[in-house]
Amino acid sequence: MEDGRTTAANVAQAVATALDCSSTPDSRRGAVAYLESVKGGDIHILANTSLFLIQKDSSSEIRLHGFKMLQHLVRFRWDAFNIKEQSDFAKVAVNLIMEMANPREEWALKSQTAALVAELIRREGVVLWQELLPSFISLSNRGPVEAELVAMILRWLPEDITVHNEDLEGDRRRVLLRGLTESLSEILPLLYALLEKHFGAALSEYNRQQFAVAKQHVAVLTATLNAANAYAEWVPLPDLAKYRLIDGCGFLLSSIEFRLHACEFFKLLSQRKRPHDATASEFDFVMANIFQILMHISGDFLSKYGTNIVISDENELEFAERTCESMTALGSLHMQCIALDGWKSSQFLNLMLGYFQHCKFALHFQSLHFWLALMRDLVSKGKSAVQAAGTDVDNLGLGSVSADKQKKGVPVLISDETCVVILDVSLQRLIKKGNIPGWSSTFGPLELWSDDFDGSDFSQYRFRMLELIRLVAAQKPLVASARISQRLDAIVKSFVQSSITAEVVALLESMQPGLEAIVGAIFDVSMELNNYTSEVKFQLHGILEGLLQQLLSLKWTEPTLAELLAHYLDAMGPYLKYFPDSVTPVVNKLFELLTSLPLTIKDPSSNIARHARLQICTSFIRIAKAADKSLLPLMKSIADTMAILQAGGRLLRGEHNLLGEAFLIMACSSGIQQQQEVLAWLLEPLSKHWIQLEWQNTYLSDALGLSKLFLDPQLMWSIFHTVTFFEKALKRSGYKKANWTSHNCSSVSDSSCCSHPMTFHLSWMLPPLLRLLQAVHSLWSPGIAQVLTGELRGAKNMSPGEQASLLGETNLKLPKVGQLSDADGSQLDAHREGELNEADIRNWLKGIRDSGYNVLGLSANIGDSFFSGLDNSLLTVALMENIQSMDFRHIRQLIHLVLVPLVKSCPANLWGKWLENLLHPLFLHCQHALSGSWSSLIHEGRAKVPDTFSDLSQMELKLEVMEEKLLRDLTREICSLLSVLASPSLNTTLPSLDHLGNVNREDSSLLIQLDALSSNSMIGFLMTHKSLALPALRITIEALTWTDGEAVAKVTSFCGAIILFTISTDIVELREFVTRDLFYAIIQGLFLESNAFISSGLVALCREIYVYLSNREPTPRQILLSLPCITRDDLVAFEDALNKTSSPKEQKQHMRSLLQLATGNKLRALSVQKSTNVITNVTELRSVVRRALL
């Protein structure tokens, strides 16, 4: 037999090839394949080869690979050795420790040697460990190099305890844990002794200027600290304290060379969970000492640098960040350990407050998590106290914690002064760093969030800061309201309008969300105003009313400031709900701001003014939502004002739509009847123009009609605003939106008085809309596309904003939350006649499609009145006539916004009339288009999609990314539609597997007649209509083999329903499909790594097919036997194992094991879940599977 020399030479060459950047891809793949074959080949050749590779005359890279191969051998191939061979190998591995005890050996090689010995000990168990431990202790006393190796072994030993590893069975893990636990009395003192001895030795050698020897002692200290960290995660805290390891690491926190490693030790301790047994008190005592250690370090840092000094020493800053991280974990998880000690808890809060207000953003950001956790806890206890005590609350409007919590020593710790600091810092940091002149002089050393900080994105950070502001306001409403009022007063008074700078505007913009958060928290529905004492109510009213009056007195007419003032006013919406007397001046002020801005100006500033006007109108919507019924008395006066402005030409259509939406929200608070009246008032004027045949025949009758419409911008945008308002009306009306109660109607189904308020309008709204959508769709048909103008062809391309969204780019300046973009057309109104460009037309087309689809989907949700009142042929032609010419992104929208709601809402008795003609062309086209695109992506590396893009210069790579994203989005959407078809709500007559019993025994009496299923089962309906079933099933089969796990996750529910339907019925053709095509496709899907997270569901489907259908069809057995690594004996053993259990979980595990065996463990979806390499030797795998089955 070969001694391994030849193989070692080949392996060395393969490693060199794999690591050589100049090697061709095929060469590297071949080298890797060869290395894997050696690892899975003969065990003795593997062992001899590895031992040759680690010899000192080999390069470091070759030796390192040799050690990795030895570790693989011990972890996965150990059982292939006989007992004598295992003993001999163990001796060789342990002797390697002495060979590596050389100062000139590289750290990586020493570490891998230690990892090999640790792996061997874990494999052999407690007996070998107890035998070796005394010799390791003795070895550590020989010198620093030996001590470092011993520390490395101790560091690697507990890895399988702290890192989950599927290859280590539960029993072996427990044995390892028990063995190490029993040895803690020797391991922990050894670690402490190494720290103490070698710290002193390193210091002594350094003072003697013996730097090489000192470096060896430093290496021991580093290895020992790494080992200590490995035990910090699981060793009981009292043991770590008893054997002084906490004291030793605490001492090293004062050493610049070792403090970062020591800090990691305390970070791990800080994150430990408190036990619930008798050791809890000891745990608390030790944790209190850890508090003291970290508080001392933090106090030294904050005393030395304060909170406003820029720290230039990066090492010092990193240490402070890690200390702060540990302090945050301590305070978030273990505050009860020091809560009874008033002085210590107060000191801890002061230190955390110092971190929070520190000018360095990283320190502030770390401490933010602590304050969030603490305030959440205090507010939740306050709410519980209020609920328990009724209205008996303290002078801040919130009760103290319950008596039970007080006994546990967790009193309310937050003082008013602390809350003021938190609010000041939070409000100040809501602003993002910008390139504005004078910025640095305003904020001094304060480091604001910038795009360079990679710990979070600004939206997430700001969300957390606003949550903290809300929590503080909920806990201290008077403090919060007074503080925001004072800060706003100071900012407003610090300038006059003529000297407003961009800097001040940015400050004001950042303060608005803070005001909104505070007012919203104070008047939160879960903390009703009635829970506050009368004194608190009086003070709150005084503070906020004073702030409101100050805002109302401002005379800001510049567009940006007027918009900002409107947002400040809508932030007061929750206050207006409880103090309605202030509503009238707020509404009057909003109209004053609206009319103060110019309507049409022939200069660039007109867009800014129009945007500001739109934002002022959205403030009406926000106030209508927040103020609830407070606006009802003003509805008539608001309507009158709107009428006057509109009659005078001082209200644009987009603005009127927004105010109309606010009206609908107001009507929701007074019931369905009020909604109907408001809808009639708003929609009847629109209907007069909308239903006219003149514009429909002129612009929608022939294919090029829309080209003529674009020559009339006034009509074009009028149509746009009409469609978008239909969408708003449907979104803002209905039972869920209205305060419907039982006295309004005896039941919701009583159509005489409780019809959906939009029901009466669908009959005139939808037919012209369908014609309009049909015309839009026709622009993409080949015949029409060829004769379009260049501008119109360009308008069909994807906009830069859409492209950026596909690429996940966030550096584009997007509208703020709640703002409207040009895409809604509101800023491109009739007053720009003759100025239409490509972007205008693109926005119009996108808006009509988006809103039109939404109108159809929302109308379908109304239910029977939609399906009974609309001609389904109109809908089918409008949506499906040009389906083959549509872009992927448009088909995805169509499915998501229209077809999914339509399928969910369609009555079962109308499925045949509505769904067949809609779904058939969709499934046919999607199956063909997706199949071609995926084939192109898989075989050519680029998806072919019909979508077109704008500005493709220097975008070749980005273009490929966007095309693939469009392909995956449509794939997931069509699979999502299939999952909707399989949803339980649409398949009420389809039985569950639990009710099927022994259907697989071919008992025909248990099978259900097809007619009984198809009437109330969507899957039954689908299977009885072959024109729908065939393309849907083809999509399903192909989706399982496309590399998109998310799509597969969606389609598995459809597969499950098909399998269930097949089991329940006796349709031979379907049964053959499921047992042949579907079963095979599922197995093929398991070969894809992308399906790893859904692999459990795929194995379950295989199990269902085999268990319930293999006795009715031979195909599943034939498919399994066709796999490369299975024998008939394996299949017999598998079936015996299945028959021994009725547990689906156990049967699924048997199926999983068999599939791994049958494919030679090549199912990447199953093997990729393991954190380490898997067994590749089929003989060994078969023995493992056999043991599992037996």
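Residues numbered from 1 in each chain as written. Predicted model: local features only at pLDDT ≥ 70, side-chain atom pairs only at ≥ 80, totals over all residues. Heavy atoms only, no water.

As annotated in an unreviewed UniProt entry, the protein carries the name Protein HASTY 1 and is attributed to Apostasia shenzhenica.

A. Focus on the overall build of the protein. When you go through the protein residue by residue, the secondary structure sums to 58 helices and 0 strands. The buried share of the protein, reckoned over its 1190 residues, is 56%. For the protein, contacts bridging at least 24 residues in sequence account for 76% of all contacts bridging at least 6. Surface exposure of the protein reaches about 50600 Å², of which carbon and sulfur atoms provide 53%. (Helix = DSSP H or I, 4+ residues; strand = E, 2+ residues; numbered from the N terminus. Buried < 20%, exposed > 50% of the residue type's maximum accessible area, 1.4 Å probe, protein only. Contact = heavy atoms within 4.5 Å. Areas by Shrake-Rupley, 256 points an atom, 1.4 Å probe, with all protein chains shown as cover.)

B. Examining the packing of aromatic side chains more closely. Within this structure, the stated rule accounts for 35 aromatic pairs. Seen in terms of ring centroids, Phe866 and Trp914 are 5.6 Å apart; in terms of plane orientation they differ by 35°. Their pairing is tilted. Of this pair, Phe866 sits in helix 43 (residues 864-869) while Trp914 sits in helix 46 (residues 911-940), and the two are 48 residues apart along the sequence. In terms of burial, Phe866 and Trp914 fall into one category: buried. Three or more aromatic residues link up through ring pairs in this structure, and these residues are Phe291, Phe348, Phe370 and Trp371. Positioned above the aromatic ring of Trp156, the side-chain terminus of Arg155 is 4.2 Å from the ring centre. (Phe/Tyr/Trp six-rings, centres within 6.5 Å; stacked < 30°, edge-to-face > 60°. Lys NZ or Arg CZ within 6 Å of the ring centre and 35° of its normal.)

C. Structural detail: unusual backbone geometry. Backbone geometry at Gln209 places phi at a positive 65°, although glycine is not the residue there. Locating Gln209 in the fold gives a position in the loop between helix 11 (184-207) and helix 12 (211-232). Taking relative accessible area as the criterion, Gln209 reaches 58% and is therefore assigned exposed. The phi dihedral of Asp628 is positive, around 60°, even though this residue is not glycine. Here Asp628 lies in the loop between helix 30 (605-627) and helix 31 (635-647).

D. Layout of the confidence of the model for the protein. Per-residue pLDDT for the protein has a mean of 85; in total, 85% of the residues score no lower than 70. Every residue in residues 389-412 scores below 50 in pLDDT, and together they form 48 contacts with partners more than four places removed in sequence or on other chains. (pLDDT = per-residue confidence, 0-100.)

E. Representation of helix 11 within the structure. End to end, helix 11 covers 34 Å across 24 residues, agreeing with the expected 34 Å (1.5 Å per residue, within 8%). Just downstream of helix 11, Gln209 is the residue with a positive phi angle, here 65°. (Expected span 1.5 Å × (residues − 1).)

F. Inspection of the packing of helix 24 (residues 477-493) against helix 25 (residues 502-522) at higher detail. Remark: helix 24 packs on helix 25, axes separated minimally by 10 Å, with the N-to-C direction vectors making an angle of 160°. By the angle class used here, helix 24 and helix 25 are roughly antiparallel. The handedness of the crossing between helix 24 and helix 25 comes out as left-handed. Only Val504, Leu508, Met511, Gly514, Leu515, Ile518 and Ile522 of helix 25 make contact with helix 24, whose side of the interface consists of Pro477, Ala480, Ser481, Ile484, Arg487, Leu488 and Ile491. Tallied by class, residues from the contact of helix 24 with helix 25 come to 11 nonpolar, 2 polar and 1 charged. (Axes fitted to C-alpha atoms, helices over the stretch in contact; angles between N-to-C directions. Parallel < 35°, antiparallel > 145°, perpendicular 65-115°, else oblique. Left-handed = near helix turned anticlockwise from the far one by under 90°. Nonpolar A, V, L, I, M, F, W, Y, C, P; charged D, E, K, R; others polar.)

G. Broad picture of the pattern of salt bridges. This model, assessed by the stated rule, comprises 47 salt bridges. With a shortest N-O distance of 2.8 Å, Asp887 and Arg889 are connected by a salt bridge. Residue classification places Asp887 among the buried residues on the basis of a relative accessible area of 2%. One network of salt bridges, in which partners are shared, links Glu964, Arg968, Arg972, Asp1044 and Glu1046. (Salt bridge = Lys/Arg side-chain N within 4 Å of Asp/Glu carboxyl O.)

H. Highlighting the side chain of Asn872. Among the structural elements, Asn872 can be located in helix 44 (residues 872-880). Assessed through its relative accessible area of 10%, Asn872 is described here as buried. With residues near it in sequence (within four places) discarded, Asn872 still touches Lys913, Trp914 and Asn917.

I. Looking closely at the environment of Ile1082. Relative to the helices and strands, Ile1082 resides in helix 52 (residues 1068-1085). Each C-alpha atom, one on Ile1082 and one on Leu1040, is 6.3 Å from the other, the two residues being 42 residues apart in sequence. The residues touching Ile1082, leaving out its near neighbours within four places in the chain, are Leu1040, Leu1098, Leu1101, Cys1102 and Ile1105.

J. Spatial organisation of the environment of Ala114. With respect to the element layout, Ala114 can be found in helix 6 (residues 107-124). What makes Ala114 buried here is its relative accessible area of 0%. The spatial distance from the C-alpha of Ala114 to the C-alpha of Ala93 is 9.4 Å, given a sequence separation of 21 residues. Among all residues touching Ala114, those that are not within four sequence positions of it are Leu149, Met152, Ile153 and Trp156.

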